Amino acid sequence: MNFNTLKKELEKHPSINEVRKGFSLKNEWLSDEEAIVVSIKPEFPFTVGDEESIIALSDSVGIPIEIEYSSPNDLFELEDDSPISTEFFSEINKNATNNLSQYGNITYEPPVGVNLNPTTDATSVVCSVSPDSGWDLLRDFLREAEGEVTIGMYDFTAPHILEEIEQNFNENITALNLVIQEKANFGSGTKKDDLPENEVIKRLQEKYGNKFNYEYAHVKGKTRIFGGYYHIKVATDRNRFWLSSGNWQSSNVPEYSPAKDNSQSPWYISKYNREWQVKISSKDLAEKFDKFLKHDLHESRKKNQIFRQKGLQSVSFRPEVFVPLSLLTSYGEEKILEKAKYFDPLIINLDEGRSINIQPLLTPDNFIQEIKKLLESANSSISFQNQALSINKNNNQEFMDLLQVMVDKQNQGVDVRIIIRGEFIERAKLERLKTKGFDMSKVRLQDRCHTKGIIVDSKICVVGSHNFSNSGTTINRDASLIFHDKKISEYYEQIFEYDWSNLTYQKVRIGQNKYTPRIAMPNESAPPGMIKMSWDEFYGEL
């Protein structure tokens, strides 16, 4: 029996989601041996006898057959360039084709007269990571802010950040502008005490009155400006600039900086996200991002008003999911139970004799072009740490070309090491990386990895919010910076090395037995040992 015949026959069964060519698991990680993977819907599991009968077909096709259980993402796989479907998500989309801009299936156009040229005017740069010292960095920025403050944020729900803005903002603040993604996820784990975003907005309105100006980013419908996610994490007062991989949520910025107290407790690193962030004194950078964010606010307001006037409403179609409680406990936690290491911030004060070349990056504007040039320049090493490195069944060619640069560099002898988030990555996604040509011995998983960083040749560093996915590199709104500076690169490289050696693993955790995340049916109670979560709460912004 050939593969195509087997696939056709098995996929007739209502319990089978997919039959595909993949790679056999050895010691819980992808090997070089080819295998046929039969993916079963966990809502409708086979009996042991059924599974044994399928595995026994290995002899007839000549390669091993292995069983996995489909994840919610496998069953409900959305195209990554849009978390909204023209059929399901908005009345405005029905029977309509999205307006196309030069950037793709969105209507985005950049502000007139604003460029993203490199800058060298920074007078100070402070680099840090979370959970180590992220709160101290953000709190300092908020207390130093003056004049008009503009914020672009995916999620803003952390009560301690809101209280800081309410109570300790400088008296000289003349305006507070906020562009935000609608409907943040919160409510469990380290975010159990976080606030609904409408409460955050209400309290800011009460505190600042007419000084407060906000709008939800227009990311839905055929007139969407961005590709489903306003994923940026930026704040500026036009003289200072803060940027991070992490949202203003308690999971990203806990209300404690363990590095300051020389803590060695593994609790923080095992419970909170790993994030990279920077605070920069740069009038040029701050003004650039201020103008882009205000443009986002004004354009979103215009299109949202039309949307609302027509009485249209965006409705999330993604289901809730059941998640095993064991999956919410870090797999690597036992490696650091005795003690953990937390890193102090790096503080660089620049005098007249030293400057740093900083390249601002935005999607949809210039990210993929600039990052491709950077990766092509690598001679010795690429250290890549990101929540996502996500190849879908159908992919944007620009994104695939970007990944090909990494594969080519690896094949040329450049040391390409990759850390991606581990809790919810499916075997199929890892198989696609291997098929693309990545050396899977140099790919490791890290729980709660929310970093979006790259270090090239130990001398050039990328810090920002861009996921390496189809939409994350092309049509979402995200911001990053390229630092052409050895000192900054070495700072983040030491943290990459620490995470690589202490917090990473190679183990496919999802889908290896019936006790795996699955879609929750309407009104269904959570099975024993599992918890019901929203789609976004589990998968985040992948």
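Refer to the structure presented above.
The written sequence of each chain sets the order in which its residues are numbered from 1. Restriction of local features to residues with pLDDT of at least 70 applies here, the model being predicted, together with a cutoff of 80 or more for giving and counting side-chain atom pairs; totals for whole chains, interfaces and linings are based on all residues. Only heavy atoms go into the side-chain values, all of them from the structure, while hydrogens and water stay out.

J.: A description of the overall build of the protein should follow, citing residues and the corresponding values.
T.: The secondary structure content of the protein amounts to 14 helices and 22 strands. Principal axes of the C-alpha set define a box for the protein whose edges measure 75 × 55 × 45 Å. In this analysis, two residues are considered to be in contact whenever any of their non-hydrogen atoms come within 4.5 Å of each other. Taking contacts inside the protein between residues at least 6 apart in sequence as the whole, the part at least 24 apart equals 83%. The protein chains shown are the only cover counted for residues, whose accessible areas, like all others here, come from Shrake-Rupley with a 1.4 Å probe. Only carbon and sulfur atoms are counted for the fraction: they give 45% of the accessible area of the protein, which is about 21,500 Å². Here the protein contributes 65 positively and 80 negatively charged side chains, and the mean placements of these two sets differ by 2 Å. Under the scheme used here, helices are H or I runs from DSSP no shorter than 4 residues and strands are E runs no shorter than 2 residues, and both carry numbers assigned from the N terminus. Charge counting follows a simple rule: Lys and Arg are positive, Asp and Glu are negative, and His as well as the terminal groups are ignored. A single reference atom marks each charge: NZ on Lys, CZ on Arg, CG on Asp, CD on Glu.

J.: How would you summarise unusual backbone geometry if you had to cite specific residues and measurements?
T.: Note that the residue after Ser130, namely Pro131, is joined by a cis bond; omega there is 5°. With a phi angle near 60°, Arg448 is a residue other than glycine that sits in the positive phi range. The buried label applies to any residue whose accessible area, calculated with a 1.4 Å probe on protein chains only, is under 20% of its type's maximum; exposed applies above 50%, and partly exposed to all values in between. Taking relative accessible area as the criterion, Arg448 reaches 10% and is therefore assigned buried.

J.: Can you break down helix α11 (residues 397-411) residue by residue, with the values?
T.: Between its terminal C-alpha atoms α11 stretches 20 Å, which fits the 21 Å expected from 15 residues at 1.5 Å a residue. For α11, every residue scored as buried is listed here: Phe399, Met400, Leu402, Leu403, Val405, Met406, Val407, Lys409 and Gln410. N or O atoms closer than or at 3.5 Å make up a polar contact, with two conditions inside protein: a donor-capable atom paired with an acceptor-capable one, and, for residues adjacent in sequence, both atoms drawn from side chains. Between a side-chain oxygen at the N-terminus of α11 and the backbone nitrogen of Glu398 the separation is 2.7 Å; the capping residue is Asn396. Positive backbone phi, approximately 100°, marks Gly413, located one or two places after α11. By this rule the span expected of a helix is its residue count minus one, scaled by 1.5 Å.

J.: Could you give an account of the pairing of strand β8 (residues 233-236), with specific residues and numbers?
T.: Here β8 shows no split at all, with Lys233 and Ala235 on one side and Val234 and Thr236 on the other all buried. Pairing of strand β5 (residues 147-153) with β8 involves four bridges; the strand directions are antiparallel. Paired with Met153 across the two strands is Lys233, which belongs to β8. Where β8 and strand β9 (residues 240-244) come together, three bridges link them in antiparallel fashion. Residue pairing in the sheet places Val234 in a bridge with Leu243 of β9. DSSP calls a pair of strands paired once it identifies at least 2 bridges connecting them.

J.: Before we move on, can you summarise helix α5 (residues 134-144) with the specific residues and values?
T.: With eight of 11 residues buried, α5 lies mostly within the body of the structure. For α5, every residue scored as buried is listed here: Gly134, Trp135, Asp136, Leu137, Leu138, Arg139, Phe141 and Leu142. At its buried positions, α5 is contacted by β4 (124-130), α6 (159-168), β8, β9 and β10 (275-281).

J.: Kindly report on the packing of aromatic side chains, identifying the contributing residues and their values.
T.: Between rings of Phe, Tyr and Trp, where Trp is taken as its six-membered ring, a pair exists when centres lie within 6.5 Å; planes separated by under 30 degrees are stacked, by over 60 edge-to-face, and by other angles tilted. Within the structure shown, the criterion is met by 19 aromatic pairs. A ring pair is formed by Phe212 and Tyr214, whose centres lie 5.6 Å apart and whose planes are at 10°; its orientation type is stacked. Between Tyr214 and Tyr216 the ring centres are 5.9 Å apart and the planes differ by 90°, which places this aromatic pair in the edge-to-face class. Taking relative accessible area as the criterion, Tyr214 reaches 25% and is therefore assigned partly exposed. What links up through ring pairs into an aromatic cluster is the set Tyr256, Trp267, Tyr268, Tyr272 and Tyr342. Of note, Arg417 hangs over the ring of Trp500, and the distance from its end group to the ring centre comes to 5.1 Å. Whether a charge sits over a ring depends on NZ of Lys or CZ of Arg being within 6 Å of the ring centre and within 35 degrees of the ring normal. Positioned above the aromatic ring of Phe23 is the side chain of Lys434, whose terminal nitrogen or guanidinium carbon lies 5.1 Å from the ring centre.

J.: Go over the pattern of salt bridges with me, naming the residues and quoting the values.
T.: The term salt bridge refers to a pairing of a side-chain nitrogen on Lys or Arg with a carboxyl oxygen on Asp or Glu at a separation within 4 Å. Across all of its chains, the model carries 40 salt bridges by this definition. Note that Lys283 and Glu287 form a salt bridge whose closest N and O atoms lie 3.0 Å from each other. One end of the pair is Lys283 and the other is Glu287, both in helix α9 (residues 283-309) and four residues apart, which spans about a single turn. Judged by its relative accessible area of 21%, Glu287 falls in the partly exposed class. The residue Asp284 makes a salt bridge to Lys288 at a minimum N-O spacing of 3.6 Å.

J.: Summarise the pairing of strand β14 (residues 381-386); cite the residues concerned and give the values.
T.: Judged by how many residues are buried, β14 sits mostly within the fold: six of six residues are covered. Across the two faces of β14 the burial is the same, with Ser381, Ser383 and Gln385 and Ile382, Phe384 and Asn386 all buried. With its strands directed away from the observer, a crossover is right-handed exactly when the path from the first strand over the helix to the second travels clockwise. The parallel pair β14 and strand β15 (residues 415-421), bridged by α11, forms a crossover whose chirality is right-handed. As paired strands, β14 and strand β17 (residues 452-456) are joined by five bridges and run antiparallel to one another. The residue of β17 that forms the bridge with Phe384 is Ile454.

J.: Go over the nonpolar core with me, naming the residues and quoting the values.
T.: We call a set of buried Ala, Val, Leu, Ile, Met, Phe, Trp, Tyr and Cys residues a nonpolar core when their side-chain atoms join them within 4.5 Å. Counting residues in hydrophobic clusters, the biggest one holds 55 residues, and the most contacted among them are Phe241, Val278, Ile280, Leu481, Phe483, Ile488 and Tyr492. The element that contributes the greatest number of residues to this core is helix α13 (residues 486-502), accounting for seven residues. Look past the residues within four positions of Val278 in its chain and what remains in contact with it is Val126, Cys127, Leu137, Phe241, Trp242, Leu243, Val463, Leu481, Phe483 and Tyr492. Judged by nonpolar contacts, the second largest core, of 41 residues, contains Ile420, Leu445, Ile482 and Tyr505.

J.: Help me get a handle on the environment of Asn210, residues and values and all.
T.: Positionally, Asn210 belongs in the loop between α7 (197-208) and β7 (212-216). A residue is classified by how much of its surface remains accessible, and Asn210, at 84% relative accessible area, is exposed. Along the primary structure Asn210 and Tyr268 are separated by 58 residues, whereas in three dimensions their C-alpha atoms are 39 Å apart.

J.: How would you explain the packing of α5 against α6 if you had to name every residue and give the values?
T.: Only the contacting stretch of a helix is used when fitting its axis, a line to C-alpha atoms as for every element, and angles between N-to-C directions run 0 to 180 degrees. Two numbers describe how α5 lies on α6: the axes approach to 10 Å, and their chain directions differ by 25°. Viewed along their axes, α5 and α6 adopt a mutual orientation that is roughly parallel. Crossing angle aside, the handedness with which α5 passes α6 is right-handed. In contact with Trp135, Leu138, Arg139, Leu142 and Arg143 of α5, α6 contributes His160, Ile161, Glu164, Ile165 and Asn168. In terms of residue class, the contact of α5 with α6 is made up of five nonpolar, two polar and three charged. Angles below 35 degrees are treated as roughly parallel, those above 145 as roughly antiparallel, those between 65 and 115 as roughly perpendicular, and all remaining angles as oblique. By the definition used in this description, the sense in which the near helix is turned from the far one sets the handedness, with an anticlockwise turn below a right angle giving left-handed and a clockwise turn giving right-handed. The residue classification treats Ala, Val, Leu, Ile, Met, Phe, Trp, Tyr, Cys and Pro as nonpolar and Asp, Glu, Lys and Arg as charged. All others, Gly included, are polar.

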